[in-house]
Amino acid sequence: MAGSVEPDEPVKLADWLRMATARLAPVSDTPRLDAELLAAHALAMSREAMLLALPRLVAPPEGEALLARRLDHEPIAYITGTRDFWTLSLRVTPDVLVPRPDSETLIEAAIARFEGPEAPQQILDLGTGSGALLLAALDAWPQARGLGIDVSPAAVDVARENAARCGMADRAEFRLGNWGGGLAARFDLILCNPPYIAQDALLPREVHAHEPAGALFAGVDGLDAYRLLADQLGSLLAPGGVAIFEIGFDQAESAAALFLAAGFAVAPVRDLSGHTRALVVK
Ligand code: GLN
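Residues numbered from 1 in each chain as written. Predicted model: local features only at pLDDT ≥ 70, side-chain atom pairs only at ≥ 80, totals over all residues.

## Notes on the overall build of the protein chain
- In terms of regular secondary structure, the protein chain is built from 11 helices and 9 strands.
- Seen through its C-alpha atoms, the protein chain measures out along the principal axes to roughly 85 × 40 × 35 Å.
- Relative to its full complement of 282 residues, the protein chain shows a buried share of 40%.
- A sequence separation of at least 24 residues applies to 65% of the contacts in the protein chain between residues at least 6 apart. (Helix = DSSP H or I, 4+ residues; strand = E, 2+ residues; numbered from the N terminus. Buried ≥ 20, exposed ≤ 12 C-beta atoms within 10 Å, placed from the backbone. Contact = placed C-beta atoms within 7 Å.)

Right, here's the structure in full:
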């Protein structure tokens, strides 16, 4: 029909990003970034390369389907399958918790503890998930070796894939296990981001509906994992070794009390927003 609008007129990517940002605003704290990450994923480009070429690009046809998933509160990292953590680009699936910037506090604390010539040789990551903490620590100490334990076989698979992806498969071993139960070795550095949320706590839909419950919830008070870990820790730490645990924003005293009662010294670590985010235990 003469004069009708072409139905398949390509949408400019810049216009698609504006539209997607507006639709994502009620769902996400970072709607523009999310829209860019979805578009870059659909175009199989880095976000940087996509933005540099923005005026010449049209919206990818898959964009709408990816946007629909994000509008259903699915975390961006599960949609794109990757997440940056510390110096690493990691693969993530719904079988593992999405690595969070908060957890980089544990790596900073470990580096502060092992300053100078002293370096940890043997590193353990309990509840390793994607392997993020162990692989970040191994990246910081190229001579160190590490073991990551998780109770989920699917998580162990993801962590192994990440070790290979980061070129650390020769130094990082991942095994199925129940925290440190049955381990005969001792470690200079133990990293652990256990589940620490009370079982009836209300979580954002993004977390609650999409992330693995086993990585989040730990009994009525959220402290069950720390109780068990306080019991196991004495048989896992090498002389002079330290363990660094992530904790919930309101658990500095309750979690510390469990480790103090088990005979350890405990020091709090604050994150960038000033919350106590981790405990150094020795
Ligand atoms: N930090 C996560 C959250 O707030 C919880 C992670 C955990 O329980 N270890 O959703």
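## Some words on the domain arrangement of the protein chain
- Domain parsing of the protein chain yields domain 1 (13–72) and domain 2 (85–281).
- One C-alpha centre belongs to domain 1, the other to domain 2; they are set 33 Å apart. (Domains from an automatic or database assignment.)

## Some points on unusual backbone geometry
- For tryptophan 86, which is not glycine, the phi torsion reads 55° and is therefore positive.
- Position of tryptophan 86 relative to the elements: it lies in the loop between β1 (82–85) and β2 (88–91).
- Here tryptophan 179, not a glycine, exhibits a phi torsion of approximately 50°, which is positive.
- If you trace the backbone, tryptophan 179 turns up in the loop between β5 (172–176) and β6 (187–192).

## Quick look at helix α11 (residues 252–261)
- Regarding α11, the residues found buried are Ala255, Ala256, Leu258 and Phe259. All buried residues of α11 fall inside an arc of 155° around its axis, so they share one side. Turned more than 90 degrees from where α11 packs its buried face, Glu253 and Ala261 sit exposed.
- The inward-facing, buried residues of α11 contact α10 (224–232), β7 (237–246), β8 (266–270) and β9 (276–281).
- Where α11 terminates, the next one or two residues include glycine 263, which has phi positive at roughly 95°. (Arc of directions from axis to C-beta.)

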